[in-house]
Amino acid sequence: MKWQVKFLLAFSFIFIIDQGIKYIFLNGYRWDSSWLSLILVYNKGVAFSMFAFLEEYLKYIQIFLLMGVGYYFYKDRLFFKHPILIGILFGAGISNIFDRFIHIGVVDYIYYHGLFDFAVFNFADVMIDFSVGMMILFYMKNQAKH
């Protein structure tokens, strides 16, 4: 299968799943326990609501950053080496940016408050962390061979 097809399949799958989950919360779903809550929160910043002061400009900055990362991945041939991981990364990233255009912020809903309070996050955030983590592991494994 060509790298473009793998990329587009991973991108589309993550984007659709993430937006589908967000749709459930946007329509009123909520669940609470003593250590985990599934609640609707609009994040106007990035991780831990950082850079929320950038307001409307943040989504455009994120688009330019994603374009820069995409250019680097293409130039460094990572699109060809890891099209599924990069499709996951871009599907999740674009899904969160998409939220900024149609909602008042990124739709977050997973809130861990067990032993400590943690930032509210979403499926796309997990997929971004997963894809970046896997690329780091592949890079480290490749460096160990040399």
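Attention in this report is confined to the structure presented alongside it. Going along each chain's sequence as written, the residues are numbered from 1 onward. Residues qualify for local features only when their pLDDT is at least 70, as the model is predicted, and side-chain atom pairs are given and counted only at 80 or more; totals for whole chains, interfaces and linings, by contrast, use all residues. Note that water and hydrogens are dropped before the side-chain values are worked out from all heavy atoms of the structure.

What about the overall build of the protein?
Here is the rule we go by: The numbering of helices and of strands both runs from the N terminus, where a helix is a DSSP run of H or I of at least 4 residues and a strand a run of E of at least 2. We call a residue buried when its accessible area falls under 20% of the maximum for its residue type, exposed when it is over 50%, and partly exposed in between, using a 1.4 Å probe and counting protein chains only. The contact definition used throughout considers only heavy atoms, calling two residues in contact when any of these lie within 4.5 Å. Here the open area of atoms and residues is found with the Shrake-Rupley method and a 1.4 Å probe, where only the protein chains shown may cover a residue. The charge count includes Lys and Arg as positive and Asp and Glu as negative, but it does not include His or the ends of the chains. We put the charge of a Lys on NZ, of an Arg on CZ, of an Asp on CG and of a Glu on CD.
Tallying secondary structure elements over the protein gives five helices and three strands in all. Moving toward the C terminus, one meets the helices and strands of the protein in the order α-β-β-α-α-α-β-α. The principal-axis extent of the C-alpha atoms belonging to the protein is close to 50 × 35 × 30 Å. By the burial criterion, 36% of the 146 residues in the protein qualify as buried. Pairs at least 24 apart in sequence give 69% of the contacts found in the protein among residues at least 6 apart. Carbon and sulfur atoms provide 70% of the accessible area of the protein, an area that totals close to 9400 Å². Of the side-chain charges in the protein, 12 are positive and 10 negative, and the distance between the mean point of each set is 15 Å.

Some thoughts on the sheet that holds strand S3 (residues 106-112)
Put simply, the rule is: When DSSP finds at least two bridges between two strands, those strands are taken to pair.
The sheet built from three strands is open, its strands ordered S1-S2-S3 with antiparallel pairing. The open sheet is flanked by strand S1 (31-32) and S3, the only strands paired with a single partner. Where S1 meets strand S2 (residues 36-43), two bridges bridge the pair, whose relative direction is antiparallel. Paired with Asp32 across the bridge in S2 is Ser37.

Thoughts on the pattern of salt bridges
For the record, the criterion: Put simply, a salt bridge is a Lys or Arg side-chain nitrogen that is within 4 Å of an Asp or Glu carboxyl oxygen.
On inspection of all chains with the given rule, the structure shows three salt bridges. The shortest N-O distance in the salt bridge between Lys22 and Asp18 comes to 2.6 Å. Linking Lys22 with Asp18, this pair stays in helix H1 (residues 3-26), spanning four residues, or about one helical turn. Accessibility expressed as a relative area gives 0% for Lys22, which makes it buried. A relative accessible area of 0% means that Asp18 is categorised as buried. Lys22 serves as the salt-bridge partner of Asp99, at 2.5 Å between the closest nitrogen and oxygen.

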